[in-house]
Amino acid sequence: MSFGQQGGPQSQWDPWKPQSQQQPWDGGAAGSPDWAALAEASETRNKRRRLLFIGGGALATVAIGTAVAMAVVSANGDDEASNRPASSLPAAGGLPSGSGTSTPSFAPTSVPPPLDPKDFVASKSKDTAPLAPDILYPGTQLTMGSTIYKKGPTADTKNCASAAKGTLPKALTGNDCTRLMRVTYTQGGIAVTVGVAVFDTEAAATKAKSQTNKQSIVASLDGKGVKAFCNSAICRSTINSYGRYAYFTITGFTNGKDVTDKDTAVFSTGDDLAEFTFRQIRRRGEAQASAAADG
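Small disclaimer: the values here were computed from a predicted structure and weren't measured. (Residues numbered from 1 in each chain as written. Predicted model: local features only at pLDDT ≥ 70, side-chain atom pairs only at ≥ 80, totals over all residues. Heavy atoms only, no water.)

So, on to the packing of aromatic side chains. A full pass over the atoms with the stated rule returns three aromatic pairs. Relative to Phe-276, the ring of Tyr-137 lies with its centre 6.0 Å away and its plane at 45 degrees, an arrangement referred to as tilted. Here the residue Tyr-137 occupies a position in the loop between helix 2 (133-136) and strand 1 (141-144), and Phe-276 occupies one in helix 5 (residues 264-294), the gap between them amounting to 139 residues. Of the two residues examined, Tyr-137 and Phe-276, each falls in the buried class. The ring of Phe-120 carries Lys-126 above its face, with NZ or CZ at 5.1 Å from the centroid. Its end group placed over the ring of Phe-253, Lys-257 keeps NZ or CZ at 5.1 Å from the ring centre. (Phe/Tyr/Trp six-rings, centres within 6.5 Å; stacked < 30°, edge-to-face > 60°. Helix = DSSP H or I, 4+ residues; strand = E, 2+ residues; numbered from the N terminus. Buried < 20%, exposed > 50% of the residue type's maximum accessible area, 1.4 Å probe, protein only. Lys NZ or Arg CZ within 6 Å of the ring centre and 35° of its normal.)

This is the structure in structure tokens:
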């Protein structure tokens, strides 16, 4: 009686293949395990483990590299922020405060007030700049607005009463007038004489002005091509003062005609010369105040 395999060739059992069937162990040569196959399977298993370990290590390396790259990018981003213009930085109120030490204090400083130009024409002691008719009234003509006045004769005397009429001589001499300068301007058939009386103090000039009235008249000045005027005709006069100066005008027609309230050109001529005289005296004070401040 013979023993043999039935149903085809005997299937080989592979412990790593789930579909293979284990052969019974009977201690015989024919039923013993295939040790070579088992060794080969074990080697295959070990290779797989090594591959998995290497692959996992590579993934970890990639992860670490990515983290490092992200850190570098983040650091570079901080560098870029530090290089941005000041306008992109936080406002000063959002920045941390300093060391906390107290702010140094400084003693308050006082700035001297600006010099008043009038102070320099209010008294003889400060009003020391050169003075003459041609200094107060320079050039050969005067322009006020659109009107041009032609300059005529000038005069300068220390005897103030000799160049005044009516009640003006008493007001001048009674307050110690030291000088009376005159200048005449013409425009068309109208002439105006301006008289500037000089006193030692502003108080004296103000008092002299207060003692004048409608009969206080500066004497008109003719000559140098200007005919006599306002010697007997009715003329228009003005009186004012600034600082230690009192100034007067008398305006009329060169043909001897009387001035009436309708002669607006005569009024504007006198007003223009009075205004110009005030400006010139004030400019005199401004120039001396500026020189004193610079010195």
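Glancing now at the nonpolar core. Within the largest apolar cluster, 21 residues are counted, with the highest numbers of intra-cluster contacts made by Tyr-137, Leu-142, Tyr-185, Val-196, Tyr-245 and Leu-273. Those elements that place two or more of their residues in this core are strand 1, strand 4 (179-187), strand 5 (190-198), strand 8 (245-253) and helix 5. When sequence neighbours within four positions are dropped, the list of residues in contact with Leu-142 reads Thr-147, Ile-148, Tyr-149, Tyr-185, Leu-273 and Phe-276. Leu-180, Phe-199, Val-218 and Ile-250 belong to the second-largest nonpolar core, a separate cluster that totals 20 residues. (Core = buried A, V, L, I, M, F, W, Y, C linked by side-chain atoms within 4.5 Å. Contact = heavy atoms within 4.5 Å.)

Our next topic: the sheet that holds strand 1. Across the sheet, which stays open at both edges, the six strands sit in the order 1-2-4-5-8-7 with antiparallel pairing between neighbours. Only two strands of the sheet have a single neighbouring strand rather than two, namely strand 1 and strand 7 (236-242). This sheet shows a mean twist of 25 degrees between the axes of neighbouring strands, independent of strand direction. Alignment of strand 5 against strand 8, held across nine bridges, turns out to be antiparallel. If you follow Val-196 over to strand 8, its bridge partner there is Tyr-247. Across the sheet, helix 4 (residues 202-210) touches strand 7 and strand 8, and the angle it forms with strand 7 is around 155 degrees. Its contacts with the sheet place helix 5 against strand 1, strand 2 (147-157), strand 4, strand 5, strand 7 and strand 8, and it is angled at close to 155 degrees to strand 8. (Pairing = 2+ DSSP bridges. Axes fitted to C-alpha atoms, helices over the stretch in contact; angles between N-to-C directions.)

So, on to the state of the cysteines. Under the definition given, this model contains two disulfides. A sulfur-sulfur separation of 2.1 Å characterises the disulfide bridge that pairs Cys-160 with Cys-177. In this structure the cystine formed by Cys-160 and Cys-177 twists about its S-S bond by roughly -75 degrees; its chirality is therefore left-handed. Separated by 17 residues along the polypeptide, Cys-160 in the loop between strand 2 and strand 3 (164-166) and Cys-177 in the loop between helix 3 (168-173) and strand 4 bring together distant segments of the chain. Each member of the pair, Cys-160 as well as Cys-177, carries the same accessibility label: buried. At a sulfur-sulfur separation of 1.9 Å, the disulfide partner of Cys-230 is Cys-235. (Disulfide = S-S within 2.5 Å.)

On to unusual backbone geometry. In the Ramachandran plot, Asp-176 falls in the positive-phi region, its phi being about 60 degrees despite a non-glycine side chain. In this fold, Asp-176 is placed in the loop between helix 3 and strand 4. You will see that Lys-224, though not glycine, has its phi angle at about 55 degrees, which is positive. Within the element layout of this structure, Lys-224 appears in the loop between strand 6 (216-218) and strand 7. Residue classification places Lys-224 among the exposed residues on the basis of a relative accessible area of 70%.

Time to look at the confidence of the model for the protein. Chain-level pLDDT for the protein is 79 on average; 62% of the residues reach the 70-or-more range. Across residues 1-11, confidence stays below pLDDT 50; counting only partners more than four residues off in sequence or on other chains, it has three contacts. This model gives residues 19-30 a pLDDT under 50, and the stretch forms 14 contacts once residues within four places in sequence are excluded. (pLDDT = per-residue confidence, 0-100.)

The next subject is the side chain of Arg-182. Relative to the elements of secondary structure, Arg-182 occurs in strand 4. Among buried Asp, Glu, Lys and Arg side chains, Arg-182 stands out as unpaired, with Asp-222 the closest opposite charge at 8.1 Å. There is a polar contact of 3.0 Å between the side chain of Arg-182 and the backbone oxygen of Ala-219. Those residues in contact with Arg-182, other than ones at most four positions away along the chain, are Pro-133, Pro-153, Thr-154, Ala-155, Ala-163, Thr-193, Val-194, Gly-195, Val-218, Ala-219, Ser-220 and Leu-221. (Lys, Arg positive; Asp, Glu negative; His and termini not counted. Salt bridge = Lys/Arg side-chain N within 4 Å of Asp/Glu carboxyl O. Polar contact = N/O pair within 3.5 Å; in protein donor to acceptor, adjacent residues only side chain to side chain.)

What follows covers helix 4. The complete set of buried residues in helix 4 reads Ala-204, Ala-205 and Ala-208. What you see down the axis of helix 4 is that its buried residues fit within an arc of 100 degrees, all on one side. Helix 4 presents Ala-203 and Ser-210 as exposed residues on the side facing more than 90 degrees away from its buried surface. Buried residues belonging to helix 4 abut helix 3, strand 7 and strand 8. (Arc of directions from axis to C-beta.)

In terms of burial, strand 5 is a largely internal element, nine of the nine residues being buried. Of the two faces of strand 5, the one lined by Ile-190, Val-192, Val-194, Val-196 and Val-198 and the one lined by Ala-191, Thr-193, Gly-195 and Ala-197 are each fully buried.

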